[in-house]
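Next come the chains, spelled out residue by residue.
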Amino acid sequence: MLTCEGPWNGPLAARSMELMAEAEGLGSLYSGFIQRGIFYSPEVQELLDITGEQVAVCMLMGYPAVKYRRTVPRQKANVTWK
């Protein structure tokens, strides 16, 4: 869970955290369900000691149970630079 003051600081920080976690071999998942639960529950906010703060992102991290040997096959991009 990541709290922030501005509307853009949290998601930008979360993206950096996601990239660093991937570099360390961790998987990540954004959970809007948990974020909404925290937003609508004053009891949970008090338990987490974030009363009055805005939850920007709720992200779960852990070591993935599955490792893929290859990525999704893609067609070559048709790009023209001028």
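Figured I'd write up the structure that's included with this text.

The rules we used
Residues numbered from 1 in each chain as written. Predicted model: local features only at pLDDT ≥ 70, side-chain atom pairs only at ≥ 80, totals over all residues. Heavy atoms only, no water. Helix = DSSP H or I, 4+ residues; strand = E, 2+ residues; numbered from the N terminus. Buried < 20%, exposed > 50% of the residue type's maximum accessible area, 1.4 Å probe, protein only. Core = buried A, V, L, I, M, F, W, Y, C linked by side-chain atoms within 4.5 Å. Contact = heavy atoms within 4.5 Å.

## Structural notes on the environment of Y40
Position of Y40 relative to the elements: it lies in the loop between α2 (32-39) and α3 (42-47). Here the alpha-carbon distance between Y40 and W8, two residues 32 residues apart in the chain, equals 21 Å.

## Digging into the environment of P42
The residue P42 is located in helix α3 in this model. Judged by relative accessible area, P42 falls into the exposed class, the value being 53%. Separated by 32 residues in the primary sequence, P42 and G10 place their C-alpha atoms 21 Å from one another.

## Focus: the nonpolar core
Core analysis: the biggest nonpolar cluster contains 6 residues, these being L2, C4, A14, A56, V57 and M59. Of all the secondary-structure elements, those providing two or more residues to this core are β1 (2-4) and β3 (54-57). With residues near it in sequence (within four places) discarded, C4 still touches N9, G10, Q54 and A56.

## As for the environment of R36
You can see R36 is positioned in helix α2. Classification of R36 by relative accessible area gives exposed; the value is 54%. Considering only alpha carbons, one finds R36 and V57, 21 residues apart in sequence, at a separation of 10.0 Å.

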